[in-house]
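Survey of secondary and tertiary structure
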Amino acid sequence: MPELPEVETTRRGLSPLLEGQTIERLEVRDGRLRWPVPEALPERLVGARIATLERRAKYLLLTTDRGGVLLHLGMSGSLRHCTATTPLRTHDHLILHLTNGSQVRFHDPRRFGCCLPLPETGAPHPLLAALGPEPLDTAFDGDYLFQRSRRRRGPVKTFIMDQDIVVGVGNIYATEALFLAGIRPGRAAGRVTRAEYERLAECVRTVLGAAIEQGGTTLRDFLREDGTHGYFRQSLRVYGRAGEPCLQCATPLRNRRIGQRASAYCPTCQR
DNA sequence: CTTTAGGCCTGACGGC
DNA sequence: TGCCGTCAGGCCTAAA
């Protein structure tokens, strides 16, 4: 699932291949994504020179001299750099043709992703307006989490997956970070202590950083820009391992549904 | 304000 | 073999 490490992996792979290149055309093969791809988007991008490929939260921002584009990979999306001879796959919905002959394909079986123009005014896109801090920035720490969590009665796992609190942490990395920090996912966010939040913030940074270094996690759909998969899956300690022994204490890992999402944890190591 | 549930969408999987 | 229900989940929206 594309969470922050997968999006960042994609950005790092694609940015040197895109920056400075010129767009020949954007081919919309199926524009029915999370929101429909606006009809006017392709014509606006013809001949545009790509300036940067940036990331904010789980969004990618492509900037050009003819306006920007906001991309989200949803939960099954990926971007792949290839040539015209690379065989088309089912669910290759968008193709960005570059004048150098290469192309970038937006592949998304579940179509939860999006491709939208950025406001021409330069104002931040409404989807980005309320987002919390980047977890790898200095504004994110235990003190921040502690302050924001007071009087919140919902589960701490839901709390750190809230994009208004901190961005980029989805089900996989929330599950892993809580295990590393020794905190049960179902604890009320407002009852988690300052010291525990210090640990949790550090564990979120550690797990995201390690996942980025390994090119993200490939469960089913996610592929890097060159078509290879990420390697962090083999580093997962609890996610997807319910019923199997804890790697620290051998207690069978449990599974609970929290906020409509599967949540594996160790009843011994996590309190 | 916070919290919860529903919906979008396809593919994989288990049961019969 | 095929059909069907369930699950996966990011994140918006509406409602409690």
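Structure: above.
Now for a quick tour of the structure. (Residues numbered from 1 in each chain as written. Chains lettered and ligands numbered in written order. Predicted model: local features only at pLDDT ≥ 70, side-chain atom pairs only at ≥ 80, totals over all residues. Heavy atoms only, no water.)

Overview of the overall build of chain A
Each helix and strand counted, chain A has 7 helices and 10 strands in total. A globule of 271 residues ought to have a C-alpha radius of gyration of about 18 Å, and chain A, at 20 Å, matches this closely. C-alpha atoms of chain A, sized along the principal axes, occupy 55 × 40 × 30 Å. Evaluated residue by residue, chain A yields a buried proportion of 52% over its 271 residues. The long-range share in chain A, meaning contacts at least 24 apart out of those at least 6 apart in sequence, stands at 63%. Summing over all exposed atoms, chain A offers an accessible surface of approximately 12,400 Å²; the carbon and sulfur share of this is 49%. The averaged location of the 29 negative side-chain charges in chain A is 9 Å from the averaged location of its 39 positive side-chain charges. (Helix = DSSP H or I, 4+ residues; strand = E, 2+ residues; numbered from the N terminus. Rg over C-alpha atoms; globule rule 2.2 N^0.38 Å. Buried < 20%, exposed > 50% of the residue type's maximum accessible area, 1.4 Å probe, protein only. Contact = heavy atoms within 4.5 Å. Areas by Shrake-Rupley, 256 points an atom, 1.4 Å probe, with all protein chains shown as cover. Lys, Arg positive; Asp, Glu negative; His and termini not counted. Charge placed at Lys NZ, Arg CZ, Asp CG, Glu CD.)

A closer look at the protein's contact with DNA strand C
Neighbouring residues of DNA strand C: 19 residues in total, closest Arg 34, His 72, Met 75, Tyr 239 and Arg 257. Within 4 Å of the protein, the contacting atoms of DNA strand C are 54% sugar and phosphate, with bases supplying the remainder. Within the side chain of Tyr 59, a nitrogen or oxygen atom sits 3.2 Å from a phosphate oxygen of DNA strand C. Interatomic distance of 2.9 Å between a side-chain N/O atom of Arg 261 and a base nitrogen of DNA strand C. (Near = heavy atom within 4 Å. Polar contact = N/O pair within 3.5 Å; in protein donor to acceptor, adjacent residues only side chain to side chain.)

Considering the packing of aromatic side chains
Enumeration according to the criterion identifies 2 aromatic pairs in this entry. Ring geometry for Phe 159 versus Tyr 197: centroids 6.0 Å apart, planes at 65°, classification edge-to-face. Within this pair, whereas Phe 159 is found in helix H5 (residues 156-161), its partner Tyr 197 is found in helix H7 (residues 194-213), the two being separated by 38 residues in sequence. The residues Phe 159 and Tyr 197 share a single accessibility class, namely buried. Judged by centre distance (5.9 Å) and plane angle (45°), the ring pair of Tyr 173 and Phe 232 falls under tilted. One end of the pair, Tyr 173, is in helix H6 (residues 171-181); the other, Phe 232, is in the loop between H7 and strand E9 (254-258), with 59 residues separating them in the sequence. With respect to burial, Tyr 173 and Phe 232 carry one shared label: buried. Looking at Arg 34, its charged tip hangs above the ring of Trp 35, at a distance of 4.8 Å from the centre. (Phe/Tyr/Trp six-rings, centres within 6.5 Å; stacked < 30°, edge-to-face > 60°. Lys NZ or Arg CZ within 6 Å of the ring centre and 35° of its normal.)

Some points on helix H4 (residues 142-149)
Of the residues making up H4, those classed as buried are Gly 142, Tyr 144, Leu 145, Phe 146 and Ser 149. Lining the buried residues of H4 we find H5 and H7. Here H4 starts with a cap whose side-chain oxygen sits 3.3 Å from the backbone nitrogen of Asp 143, and that cap is Asp 141.

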